[in-house]
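Architecture and fold: a report
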Amino acid sequence: IHVIMDCLTCKSLRGEVAISPGGIIYEGIYWQVEHASPTAVRGWLVIILKRHCQALHELGVKEFQELANIQKMLVDALRAGLGSEKEYVAIFAEKEGFNHIHVHVIARPKDLSADFKGPKIFSLLNKAKEKTLSSQEVIDVSNKIKQLVV
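For clarity, every value in this text was computed on a predicted model and none was experimentally measured.

1. Brief notes about helix α2 (residues 61-82)
- For α2, spanning 22 residues, the distance from its first C-alpha to its last is 31 Å, which sits close to the expected 32 Å at 1.5 Å a residue.
- When we look at burial in α2, the residues that qualify are E63, E66, L67, I70, M73, L74, V75, A77, L78 and G81.
- On its buried face, α2 is in contact with β1 (24-27), β2 (31-35), β3 (44-49), β4 (86-90), β5 (102-108) and α3 (135-149).
- Count one or two residues on from α2 and you reach G83, which has phi positive near 65°.

Laid out in structure tokens, this is it:
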């Protein structure tokens, strides 16, 4: 696995830092899935490429194929497990320390305020601790989704 020493995602993949208290929800050949943290949204999942890569055009066909299968599995699990109204998918990989390819798959709740719909939902990521899910809530949601994807 190709990794970069100062990349926070690579450090997480090596077990040097824990990005999510929920641990790994699903592990494929090329990708693994965790719940984002901190976030105010239950079911904010992140699909992480197991090797360091910064651009989609650098992915191989097999990596794209597995990614598509994982996305389908996750949106079905979010709908079944959390009753999501919609599911958002986004890839930017632009934040410092996180320019490693990762895919956000976000359960959009039925009661989400219009203030947070669409790309504005990203304002609910990395919020102040008092406004985010507790570590236990992340663990509980992760375990629920894990049961639906295995």
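2. So, the sheet that holds β4
- The sheet built from five strands is open, its strands ordered β1-β2-β3-β5-β4 with antiparallel pairing. Of all strands in the sheet, those bounded by a partner on one side alone are β1 and β4. Each strand of the sheet is rotated relative to its neighbour by a mean of 20°, with strand direction disregarded.
- Taken together, the three bridges between β1 and β2 define a ladder with antiparallel strand orientation. When the sheet's bridge partners are listed, E27 is paired in β2 with Q32.
- On the sheet, α3 packs against β1, β2 and β3 and is oriented at approximately 25° with respect to β1.

3. Observations regarding unusual backbone geometry
- Following S37, the chain continues to P38 via a peptide bond in cis, the omega torsion being 0°.
- Following the sequence through the fold, P38 ends up in the loop between β2 and β3.
- Backbone geometry at A93 places phi at a positive 55°, although glycine is not the residue there.
- As for its position among the elements, A93 is in the loop between β4 and β5.
- You can call A93 buried: its relative accessible area is 7%.

Conventions we followed
- Residues numbered from 1 in each chain as written.
- Predicted model: local features only at pLDDT ≥ 70, side-chain atom pairs only at ≥ 80, totals over all residues.
- Heavy atoms only, no water.
- Helix = DSSP H or I, 4+ residues; strand = E, 2+ residues; numbered from the N terminus.
- Expected span 1.5 Å × (residues − 1).
- Buried < 20%, exposed > 50% of the residue type's maximum accessible area, 1.4 Å probe, protein only.
- Contact = heavy atoms within 4.5 Å.
- Pairing = 2+ DSSP bridges.
- Axes fitted to C-alpha atoms, helices over the stretch in contact; angles between N-to-C directions.

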